[in-house]
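If you want the building blocks of each chain, they are given just below.
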Amino acid sequence: MKKQLLSLLVVLVLVLSLTSIAGAEAQKTYTIGIAQFAEHPSLDNCRIGFIEGLAEAGYVEGENVTYVVQNAQTDMGLAQQIAAQMAQECDLVCAIATPMAQAAFNACMDSGKPVIYTAVSDPVGSMLANAEGKSDKAITGSCDLLPVEAQLKMIRAILPEAKKIGILYTTSETNSESQLKLYQETAAAYDFEIVASGISTGADIPLALDTLLPQVDCMTNLTDNTVVSYLAVVLDKTNAASKPVFGSEIEQVKNGCLASEGVEYLSLGKETGALAAQVLEGTFAGDIAFVSSEGGDMCYNSEVAAQLNITIPEAEAARGVDVTKE
Amino acid sequence: MGIIIGIFEEGMIYAILALGVLITYRILDFPDLTVDSSFPLGAAVSAILTVNGMNPLLTLPIAALAGAVSGLVTGLIHVKCHVRDLLSGIITMTGLYSINLRIAGRANLPFFNMETLFDNGFTTSFPTFLQPYSKMIVVLIVLLLVKLLLDLFMKTKAGFLLRAVGDNQTVVTTLAKDSGLIKIEGLVIANALVALAGAVMAQKNRVFDISMGTGAIVFGLAAVIIGMNLFKNISFIKGTTAAIVGSIIYKACVAAALSMGLVPQDLKLITAVLFLLILVLGGVHKKKVKFRA
């Protein structure tokens, strides 16, 4: 009975894997794996942008491309298994966020399949690229390093009196570590002081904010997966304390942050899709240097500004987009 | 075929962790949550030593030693400070998170361009037809070594005492042995194994990440229980074998769920249903057989 059951399971797995291989060959299309580390609007936009970018280059879903989409839901073990499976099944793997990119890079190192990463803040520090932005392995992608200078300049323009900016970050995310370092290095130039508070899980956020908020004049977000996923919790606390939160991209502003001068993930995803198209056309991925987000898309939320009794200066309002008027 | 190889690679590395959980949960009857942090502890130790140029193979015993110390801490907290079993594990797990960050120096430590346990002179010397299986072979060697040593240990006097503590503490006391010490000993061995699994995992993934231990204890418990349940009527199957098979089946379930090509959100639900199916189908016969370690 047990042996039968076991062999049944093995056969099931075999059949499933065989059918997926057979299916890919029969249609002569590219199978592209999209492995996403977590599920929140920024990363979702990366995925949507990536598919659009490839479609613009002539690789259209259902015509000559089949997508296999998986989400690791921030589970590292699952990320590894998804990567290993995609390294076998797919012609190209798009990995979204740093942990997923590292898993995919490692899994594809043996099979030689190209990896295109996106939403990685520090490709060099994560060892996905060398100092020139290239690699001797088949990997390239795009980097979502925050335009920190622009963001600080914008905060200074909106809050001329503010002195201390609070930053909440997850100690387990290297993305956040490198961004925080950048903020700490740049803040003095705009007469700000950064007060950082590290958390280890989303459940720590309410307590961390209770300690952090009395010390600061406003908050700014990194592209921290945990903090962004718990944005509602953050906004709940900050609104109660009447302190503004600056986002790291437009989706956060739509969800209640005051303003952001951040990464526009949809276009970052599109650029990433264009890179993937180049690789599908035969360029060795390692020869393409990774691209960085241009940023500079200022956006603000006038409803939130009204609630907090903050006036967005005309110069800022003129160059930005009001997300409530879309 | 690649998927099957992947299942065995992952399943057999996690099987080392499952062997650790087998000792604490099944033999000592001690729900040891230290595992969630001793797994990344082993990974952190192995990663930082590899980055600093140490032979990857040598990092394994050191990682296991670090894990043993974490088990010792949990044991001391439980036995000497009289803290409840669950809570003593939680205390060590919580503290180790910061220590792991300190050891690795950062939350995520990659070593992609270094020699690893799976990518060195030994594995590249395999004949070409064996190359796809090279990782699997290395894991198999480590796992078999661990399993055989553990099986041998269980046959010694110390091994018998370990089993006795979980079953009936009074017997141990009447033999004039300190049951507390034996519990500590079990925790030390278990967490050494868990850290070893973490080290091997870091070597395979070529990266240490602080969050890699999240859910490790859940995995270990599921693997042990699935394995024990499947083999509970077959008396000649050892507990260690059952835990290994349970671990591989766990990974096979995840792989099967992944292969079904469903919406990513449903993945965990499908995995859960597969577990349930295996447990229910595996538990058809009610005949009770004594556990063999």
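Residues numbered from 1 in each chain as written. Chains lettered and ligands numbered in written order. Predicted model: local features only at pLDDT ≥ 70, side-chain atom pairs only at ≥ 80, totals over all residues. Heavy atoms only, no water.

**Q** Quick question: what am I supposed to make of the overall build of chain B here?
**A** Counting secondary structure elements, chain B contains 12 helices and two strands. Listed N to C, the secondary structure of chain B is α-α-α-α-β-α-α-α-α-α-β-α-α-α in terms of helices and strands. Its C-alpha atoms give chain B a radius of gyration of 19 Å, near enough to 19 Å, the size a compact globule of 293 residues would have. Considering only C-alpha atoms, chain B reaches an extent of 55 × 45 × 40 Å along its principal axes. In chain B, the proportion of contacts linking residues at least 24 apart, taken out of those at least 6 apart, comes to 77%. Roughly 12300 Å² of accessible area belongs to chain B as shown, and the carbon and sulfur atoms make up 69% of that amount. Here chain B holds 23 positive side-chain charges and 14 negative ones, and the gap between their average locations is 8 Å. (Helix = DSSP H or I, 4+ residues; strand = E, 2+ residues; numbered from the N terminus. Rg over C-alpha atoms; globule rule 2.2 N^0.38 Å. Contact = heavy atoms within 4.5 Å. Areas by Shrake-Rupley, 256 points an atom, 1.4 Å probe, with all protein chains shown as cover. Lys, Arg positive; Asp, Glu negative; His and termini not counted. Charge placed at Lys NZ, Arg CZ, Asp CG, Glu CD.)

**Q** I would appreciate a short explanation of the interface of chain A and chain B in the present structure.
**A** How big an interface is tends to be stated in terms of the accessible area lost upon association of its parts. Across the boundary between the two partners, chain A contributes 39 residues, which contact 44 residues of chain B. When chain A packs against chain B, close to 3900 Å² is buried across both sides, 64% of that on carbon and sulfur atoms. Connecting chain A to chain B are zero salt bridges. Applying the counting rule to chain A against chain B returns 11 residue pairs in polar contact (both at pLDDT 80 or more). Elements represented by at least two residues in the side of chain A that touches chain B include exactly α1 (2-27), β2 (65-71), α3 (76-89), α4 (98-111) and α6 (174-186) of chain A. Here the side of chain A that touches chain B gets nine residues from one element, more than from any other, and that element is α3 of chain A. Looking at side-chain class alone, the side of chain A that touches chain B contains 15 nonpolar, 17 polar and seven charged residues. (Buried area = accessible area lost by both parts, 1.4 Å probe. Salt bridge = Lys/Arg side-chain N within 4 Å of Asp/Glu carboxyl O. Polar contact = N/O pair within 3.5 Å; in protein donor to acceptor, adjacent residues only side chain to side chain. Nonpolar A, V, L, I, M, F, W, Y, C, P; charged D, E, K, R; others polar.)

**Q** In this structure, what is going on with the environment of proline 110 of chain B? I would like to understand it.
**A** Residues and elements named next belong to chain B. Position of proline 110 relative to the elements: it lies in strand β1 (residues 108-110). You can call proline 110 buried: its relative accessible area is 3%. Put simply, proline 110 and alanine 255 are 145 residues apart on the chain and 25 Å apart in space, counted from C-alpha to C-alpha. (Buried < 20%, exposed > 50% of the residue type's maximum accessible area, 1.4 Å probe, protein only.)

**Q** Can you help me understand the domain arrangement of chain A in this one?
**A** Residue and element names in this part refer to chain A. For chain A, the assigned domains are domain 1 (28-145 + 264-292) and domain 2 (148-262 + 297-325). Domain 1 and domain 2 are separated by 28 Å when their C-alpha centres are compared. At the junction of the two partners, domain 1 supplies 16 residues and domain 2 supplies 16 residues. Taking both sides of the interface into account, the surface hidden between domain 1 and domain 2 amounts to around 1200 Å²; carbon and sulfur atoms contribute 49%. At the boundary of domain 1 with domain 2, the tally comes to zero salt bridges. (Domains from an automatic or database assignment.)

**Q** Is there a simple way to think about the nonpolar core in this case?
**A** Nonpolar side chains in soluble globular proteins generally cluster together in the buried interior. Among the nonpolar cores identified, the biggest contains 174 residues, and Phe50 and Ile158 of chain A together with Leu17 of chain B are the most heavily contacted of them. With 14 residues, helix α1 (residues 2-27) of chain B is the largest single contributor of residues to this core. A domain split of this core shows at least three residues from each of domain 1 (28-145 + 264-292) and domain 2 (148-262 + 297-325) of chain A. Among all residues touching leucine 17 of chain B, those that are not within four sequence positions of it are Val35, Phe39, Val194, Ala197, Ala216, Phe219 and Gly220 of chain B. Among the nonpolar cores identified, the runner-up in size contains 20 residues, and Leu168, Ile205, Met219 and Val227 of chain A belong to it. (Core = buried A, V, L, I, M, F, W, Y, C linked by side-chain atoms within 4.5 Å.)

**Q** Help me understand the packing of aromatic side chains in this model?
**A** For any two aromatic rings, the description comes down to two numbers: the centre-to-centre distance and the angle of the planes. Applying the stated criterion across every chain yields a total of seven aromatic pairs over all chains. Summarising the aromatic geometry, the rings of phenylalanine 105 of chain A and phenylalanine 112 of chain B are spaced 4.6 Å apart at their centres and angled 65 degrees between planes, so their arrangement reads as edge-to-face. Of this pair, phenylalanine 105 of chain A sits in helix α4 while phenylalanine 112 of chain B sits in the loop between β1 and α5 (121-124), placing the two residues on different chains. This pair shows no difference in class: phenylalanine 105 of chain A is buried, exactly as phenylalanine 112 of chain B is. Consider the rings of phenylalanine 122 of chain B and phenylalanine 126 of chain B, whose centres lie 5.1 Å apart with planes at 75 degrees: the pair is edge-to-face. By relative accessible area, phenylalanine 122 of chain B is classed as partly exposed at 46%. Every member of this aromatic cluster is reached through a ring pair, and the members are Tyr14, Phe39, Phe219, Tyr250 and Phe275 of chain B. (Phe/Tyr/Trp six-rings, centres within 6.5 Å; stacked < 30°, edge-to-face > 60°.)

**Q** Is there a simple way to explain the sheet that holds strand β3 (residues 92-96) of chain A in this structure?
**A** What links the strands of a sheet is backbone hydrogen bonding, and the strands pair in either a parallel or an antiparallel sense. Residue and element names in this part refer to chain A. In space, the six strands of this open sheet follow the order β2-β1-β3-β4-β5-β11, with parallel pairing throughout. Looking at strand neighbours, the two that pair on one side only are β2 and β11 (291-292), the edges of this open sheet. Across seven bridges, the pairing between strand β1 (residues 30-36) and β2 is parallel. What sits directly across from glutamine 36, in β2, is asparagine 71. Packed onto the sheet, helix α2 (residues 41-56) meets β1, β2, β3 and β4 (115-120) and runs at close to 165 degrees relative to β1. (Pairing = 2+ DSSP bridges. Axes fitted to C-alpha atoms, helices over the stretch in contact; angles between N-to-C directions.)

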